[in-house]
Number of protein chains: 2
Amino acid sequence: MTNKSSDDQFAAGAGYVNGEFVPVSEARIPITDLGFIRSDATYDVVHVWKGQFFRLEDHIDRFLASTDKLRFKLPLDRTGLIAMLHRLVALTGLQDAYVNFTATRGSLPPGTRNPLDCTNGLYGFAIPFMWIAPYEEQPQGIRMITASAERTPMASFDQTIKNYMWGDLTAGMMEASERGAKVPVLLDRDGNVTEGPGFNIFIINDGVMMTPDTGVLHGITRRTAIELAGDLNIETVVAAVTADALNSADEIFITSTAGGIIPVTMLDDEEVGDGQAGPVASRLRALYWQAHDDPRFSTLVDTSLAEAAE
Amino acid sequence: MTNKSSDDQFAAGAGYVNGEFVPVSEARIPITDLGFIRSDATYDVVHVWKGQFFRLEDHIDRFLASTDKLRFKLPLDRTGLIAMLHRLVALTGLQDAYVNFTATRGSLPPGTRNPLDCTNGLYGFAIPFMWIAPYEEQPQGIRMITASAERTPMASFDQTIKNYMWGDLTAGMMEASERGAKVPVLLDRDGNVTEGPGFNIFIINDGVMMTPDTGVLHGITRRTAIELAGDLNIETVVAAVTADALNSADEIFITSTAGGIIPVTMLDDEEVGDGQAGPVASRLRALYWQAHDDPRFSTLVDTSLAEAAE
């Protein structure tokens, strides 16, 4: 490796490609990797805020659970993976970053179609922090639509494995854009709420906070919201959330590593509650950003790794 | 471009990366391309047999229909796309080749999450011909299992758009390998037959040939099988095929660009019919390979393109 921290080659972002650190624009995966041509991959996204990873260990836990479920053998162990992420961020010099790490199946050796015969790959990139909705816009809340596409069911793919098979979510994003909304939410075959592109969803109805139990990723920000609500003596009911409950909710908010806890103030063409960000969502949002100063959740990026040679 | 046909750099395969021709091992896509990190892509596979493309125009038609449905704008028009595929194969010098071409959404520009803001990409590769089951093994037929995973429904993604979201199919492949079978077939939520990884499925029951109508790719080999059967005065009923009908079928065969028409002689732990390749499947298989000499279906690869400079 011939990385230098003394110039700006990593300022737009840094990439990790099976052992090599490169500028993000040069980070590429082989066209024959089943991670691309079969979407046979899993990933996680952790963020860095003011120079600190947020809940890094929890993201690593989830990632390793996903790679186990897919029967991947990673080229790095847990310690090596964490060191890689530190270095990726350190190289960029970013204080606020969006950090993706991805395991892929790899390319098939000649003469086999069995995915288990592949050597698995490991990739990653750190880029400037990304927002579903910018921090300044969040207090007003965002507009959501109920998408036409149905979320891919658990019977087809275990949605607790964070995955790139976003056809349904992407269709929802385009539909939201067309209808002037920021995000879509997808229902399942039974008409229950699932999730949206990159986020979980919560509702509050008559003081009861709910989030769907199945068919969704177990988001780290979702968990944070549940824990912070617990600190406020608000219990979260994790159970099926019907479309009717969503439509009649007093408050709706979404949770995502890409922006935290974000109030939803318009659903389809109707105001949610009185059309203002709700008190619970607003309270949780404030607590969420305060939690970034809590040493239980935060890990200082080891910037010395930007200088490391090999 | 600095391609040379005078050495073996393309012998293992050639890749196409947004305008550049490179050895397949060097063909890579950006890690930030939504074609990878959202599986927001479509593709097609055409094969070359004895120096001729088979049904090239039909594959191009399907590919362009898929790119339209995804609202992609390709960097090449139809003529340019065809010329690219000819050159890709010509560079390899292969007489029998498996030729993939893929359109991707591209990378998001800063500050937007709308897929329609991306510049779409075009990739491809030509490698030695791939078989679901080698030609010599096909007369004995292959073993198939009914997979546990349910095929992703049309309500989640339009399966007539050839796509890389193979989580359900890959799980089926691993299950088939574990159970000593060559391939899986996936059912839908209603228990009807859909398709398997890279192929369509046909059954023959009491002289009636059937293939599923919905939830499946409209395969070019599927179409060829229907047309060839028509030449034999065998009508194909394109309609829902129940799991019961599959289990009691006199004959089963699969159709794929990766191997043509392949008899299935074991389903789960039962013989199909008398456990031998059925007469209709065997007849269609012979006609399928004969059709490769039919000028209506075949297009000679323009090998002069291997010499072309820029």
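Note that the structure is a prediction, hence the values are computed from the model and not measured.

Let us look at the overall build of chain A. Tallying secondary structure elements over chain A gives seven helices and 16 strands in all. In terms of overall dimensions, chain A has a C-alpha envelope of 55 × 45 × 35 Å along the principal axes. Among the 310 residues that make up chain A, the fraction classed as buried is 61%. For chain A, the share of sequence-separated contacts (at least 6 apart) that also reach a separation of at least 24 residues comes to 71%. As presented, chain A carries roughly 11,900 Å² of accessible surface, and 50% of it is formed by carbon and sulfur atoms. Taking the 24 positively charged and 42 negatively charged side chains of chain A as two groups, their mean positions are separated by 5 Å.

Residues and elements named next belong to chain A. For chain A, the domain assignment lists domain 1 (14–129) and domain 2 (135–293). Between domain 1 and domain 2, the C-alpha centre-to-centre distance is 26 Å. Taken over both partners, the interface formed by domain 1 and domain 2 buries close to 2,000 Å², and the fraction arising from carbon and sulfur atoms is 60%. Three residues, Tyr43, Phe54 and Arg62, lead the burial of domain 1 against domain 2; their summed loss comes to 32% of the area buried on that side. For the interface between domain 1 and domain 2, the tally reads three salt bridges.

What follows concerns helix H4 (residues 167–178) of chain B. All names here are of chain B. In a regular helix each residue adds 1.5 Å, so 12 residues correspond to 16 Å; H4 covers 17 Å between its end C-alpha atoms and thus fits that length. Extensive coverage of H4 is indicated by the burial of nine of its 12 residues. If you check which residues of H4 are buried, you get Gly167, Asp168, Leu169, Thr170, Gly172, Met173, Met174, Glu175 and Ala176. Elements in contact with the buried residues of H4: strand E8 (142–150) and strand E9 (183–187). Gly180, located one to two residues past H4, shows a positive phi value of around 75°.

Nonpolar side chains in soluble globular proteins tend to end up buried together. By size, the foremost hydrophobic cluster in this structure holds 93 residues, and its most contacted members are A:Met144, A:Ile252, A:Ile254, B:Met144, B:Ile252 and B:Ile254. Excluding residues that lie within four positions of it along the chain, B:Met144 makes contacts with B:Ala181, B:Val183, B:Pro184, B:Val185, B:Phe199, B:Ile201, B:Ile254, B:Val264, B:Met266, B:Leu267 and B:Asp268. Counting 65 residues, the second largest nonpolar core, distinct from the first, contains B:Phe10, B:Phe63, B:Leu122 and B:Met165.

Once that is clear, we can look at the sheet that holds strand E2 (residues 20–23) of chain B. Residue and element names in this part refer to chain B. If you walk across this open sheet you meet the seven strands as E2-E1-E7-E6-E4-E5-E16, and the pairing is antiparallel. The strands lining the two open edges of the sheet, one partner per strand, are E2 and strand E16 (298–300). Across the sheet, the mean angle separating the axes of adjacent strands is 25° when strand polarity is ignored. Relative to strand E7 (residues 121–128), strand E1 (residues 14–17) runs antiparallel, the two being bridged by four bridges. Within E7, the position partnered with Gly15 by the bridge is Phe125. The strands touched by helix H2 (residues 56–69) are strand E4 (41–49), strand E5 (52–54), strand E6 (97–104), E7 and E16; relative to E4, the strand with the most contacts, the crossing angle is about 175°.

Superposing chain B onto chain A takes a rotation of 180° plus a shift of 0.0 Å along the axis, which leaves an RMSD of 0.0 Å. The superposition of one copy onto the other is thereby described by a two-fold rotation axis. A symmetric contact is evident, with 100% of the interface residues of chain B recurring at the interface of chain A.

Before going further, it helps to examine the pairing of strand E14 (residues 260–267) of chain A. Residues and elements named next belong to chain A. For E14, the buried fraction is high: seven of the eight residues fall into the buried class. The pairing of strand E8 (residues 142–150) with E14 spans three bridges and is parallel. Each residue of the ladder has a partner; that of Arg143, found in E14, is Met266. Linking strand E13 (residues 251–256) back to E14 in an antiparallel pair, the connection comprises three residues, with Gly259 at a positive phi of about 135°. Here E14 runs beside strand E15 (residues 270–271); their pairing, made up of two bridges, is antiparallel. Within the sheet, the bridge partner assigned to Leu267 lies in E15 and is Glu270. Between the antiparallel neighbours E14 and E15 lie two residues, among them Asp268 with a positive phi of about 55°.

Conventions adopted
Residues numbered from 1 in each chain as written. Chains lettered and ligands numbered in written order. Predicted model: local features only at pLDDT ≥ 70, side-chain atom pairs only at ≥ 80, totals over all residues. Heavy atoms only, no water. Helix = DSSP H or I, 4+ residues; strand = E, 2+ residues; numbered from the N terminus. Buried < 20%, exposed > 50% of the residue type's maximum accessible area, 1.4 Å probe, protein only. Contact = heavy atoms within 4.5 Å. Areas by Shrake-Rupley, 256 points an atom, 1.4 Å probe, with all protein chains shown as cover. Lys, Arg positive; Asp, Glu negative; His and termini not counted. Charge placed at Lys NZ, Arg CZ, Asp CG, Glu CD. Domains from an automatic or database assignment. Buried area = accessible area lost by both parts, 1.4 Å probe. Salt bridge = Lys/Arg side-chain N within 4 Å of Asp/Glu carboxyl O. Expected span 1.5 Å × (residues − 1). Core = buried A, V, L, I, M, F, W, Y, C linked by side-chain atoms within 4.5 Å. Pairing = 2+ DSSP bridges. Axes fitted to C-alpha atoms, helices over the stretch in contact; angles between N-to-C directions. Least-squares fit on C-alpha atoms with pLDDT ≥ 70 in both.

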